[in-house]
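Close look at the chain arrangement
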Amino acid sequence: MTRTQLAGGVFLTYLPAEKFKTSLLSAQFVVPLRWETASANALSSAILRRGTVSCPDMGALSRRLDQLYGARIDVTVRKKGESQCVGFVASLIDDYFAPGGERLLEPTANLLGELICHPVTREGLFLEEYFESEKTNLADAIRSILNDKRAYADSRLLQEMCAGEPYGVPRLGNEQIAVALYPRMVHDAYRELIAASRLEIIYSGSAPRSRVEDALRAALADLPRKEIEAPPEPAAHALPEEPRMITERLDVTQGKLGMGFSCASEDAAALLLGNTLFGGSSNSKLFLNVREKLSLCYYASSLFHRQKGLITVSSGIEFENYQKAFDEILSQLEAVRQGRLEDWELEAARSTLLNAYASMGDSQGKLENFYLGQAATGRDETPEILAEQVRAVTPERIFEAMGTVKLDTVYFLKGKEAEA
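Attention in this report is confined to the structure presented alongside it.

About the cut-offs
Residues numbered from 1 in each chain as written. Predicted model: local features only at pLDDT ≥ 70, side-chain atom pairs only at ≥ 80, totals over all residues. Heavy atoms only, no water. Helix = DSSP H or I, 4+ residues; strand = E, 2+ residues; numbered from the N terminus. Rg over C-alpha atoms; globule rule 2.2 N^0.38 Å. Buried < 20%, exposed > 50% of the residue type's maximum accessible area, 1.4 Å probe, protein only. Contact = heavy atoms within 4.5 Å. Areas by Shrake-Rupley, 256 points an atom, 1.4 Å probe, with all protein chains shown as cover. Lys, Arg positive; Asp, Glu negative; His and termini not counted. Charge placed at Lys NZ, Arg CZ, Asp CG, Glu CD. Pairing = 2+ DSSP bridges. Axes fitted to C-alpha atoms, helices over the stretch in contact; angles between N-to-C directions. Parallel < 35°, antiparallel > 145°, perpendicular 65-115°, else oblique. Left-handed = near helix turned anticlockwise from the far one by under 90°. Nonpolar A, V, L, I, M, F, W, Y, C, P; charged D, E, K, R; others polar. Salt bridge = Lys/Arg side-chain N within 4 Å of Asp/Glu carboxyl O.

Section: the overall build of the protein
Each helix and strand counted, the protein has 15 helices and 13 strands in total. Radius of gyration (C-alpha) of the protein: 23 Å, near the 22 Å computed for a compact globule of 420 residues. Projected onto the principal axes, the alpha-carbon positions of the protein cover approximately 60 × 45 × 35 Å. When burial is assessed residue by residue, the protein has 54% of its 420 residues classed as buried. The long-range fraction of contacts in the protein, counting pairs at least 24 apart against all pairs at least 6 apart in sequence, stands at 80%. For the protein, the computed accessible surface area is about 18700 Å², with 50% contributed by carbon and sulfur atoms. The averaged location of the 58 negative side-chain charges in the protein is 1 Å from the averaged location of its 47 positive side-chain charges.

This is the structure we're talking about:
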């Protein structure tokens, strides 16, 4: 893996690979995550995928992609730390396997450049029909999270826990802001996005790096550049004096208990392994005890947010089991803190993480997602380096790091008819 700068604020992460039959080319604009801009950025990227000056509609774009032997270009909107990453990921036959030795990298890169720099417009704005269609799709996508109550509860926990911080902003923004967007606002947001945002490009395939760099410089020759906005430093998260207790009522038959914890330790590898023991795998204490042994939850797991030093627990429960589940989740955390572990538990947790890092190289999509997250959050560790860090973690480091974990916010989603 190498990372080089191609132009002002334009970086290439080059991942040489000859074992895949496909190449991957990703172009992602990295911007600070803000309520006021998240929806406009997400909308503009979707509109860009509708057509370019030379391919003004989806039919023309499909024909162009068919000429590239069925290449795909998908819109992506992701949240990495406190940054929003919007752009495209292209998948194409690797030149090594292309019929007749045809080169597909250059025309695919050129099409990506067209999507970014030369969208189809009318009187200086996006086509109204494309704008209205994608605006409706965006509002529907934001609204649809209510249909997945687990994802909704997880999102609401982070919003409450990180209120006033960028980390609490969802990747697509807010429905009320989205429906209020108008064409000039979104076109202005697009112009600002491509001119002032850092552009992270990731390539995985067999082409030499020099050829990839030449192809990208040509494809992005018309990319406007001005002073690039620096990536934000993570906003400090303040632990409240008393845990925040949030209860929300919706028409649900299963309760959702979310618990957020602040971590004061800087030992990320120890916290990662501690969280895996706590609730980060199918061998974790939450899964084996709270779910399987005690049957207090339909599901129970935890996630370590490395960028913010937070741990969040997600669980589904019967309304009347709230206190029992709450107490038992804290009890299992205390067991990890105090080192009440079987030998196999620690090795199973370590093995889970090491297998995840080792298997990352088997998927171009996983590699792209990993290295985008690293670039967006200012980190440079490879999966191999992270694996070595996990191998070096001692039990004592785990207990010390997990001893700094404090309850921050509790979010409980219950039914409208449930007893208070």
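So that's the structure; there's more coming.
Quick word on the pairing of strand S5 (residues 83-93)
Burial runs high along S5: 9 of the 11 residues are buried. Taken together, the 9 bridges between strand S4 (residues 72-80) and S5 define a ladder with antiparallel strand orientation. When the sheet's bridge partners are listed, Thr76 is paired in S5 with Gly87.

Topic: the packing of helix H2 (residues 58-67) against helix H3 (residues 105-117)
Where H2 meets H3, the axes come as close as 11 Å, and the angle between the chain directions of the two elements is 160°. Viewed along their axes, H2 and H3 adopt a mutual orientation that is roughly antiparallel. Between H2 and H3 the crossing geometry is left-handed. Within the contact between the two elements, H2 uses Leu61, Arg64 and Leu65 and H3 uses Leu111, Glu114 and Leu115. Residues of the contact of H2 with H3, tallied by class, amount to 4 nonpolar, no polar and 2 charged.

Notes on unusual backbone geometry
For Glu123, which is not glycine, the phi dihedral falls at a positive 55°. Counting through the fold element by element, Glu123 comes out in the loop between strand S6 (121-122) and strand S7 (125-126). Of note in the backbone geometry, Ser295 takes a positive phi value of approximately 55° without being a glycine. Classification of Ser295 as exposed rests on a relative accessible area of 52%.

Overview of the pattern of salt bridges
For the structure on display, the rule yields 28 salt bridges. Put simply, Glu368 and Arg78 hold a salt bridge, and the shortest N to O gap is 2.9 Å. Note that Glu368 is positioned in helix H13 (residues 364-376) and Arg78 in strand S4, a separation of 290 residues in sequence. Arg78 shares its class with Glu368; the two are buried. The residue Glu192 makes a salt bridge to Lys226 at a minimum N-O spacing of 2.9 Å. Residue Glu192 is located in helix H7 (residues 183-196), and its partner Lys226 is located in the loop between helix H8 (209-219) and strand S9 (244-250); the two are separated by 34 residues in the primary sequence. The class for Lys226 is partly exposed, based on a relative accessible area of 47%.

The analysis is restricted to geometry; functional conclusions fall outside its scope.
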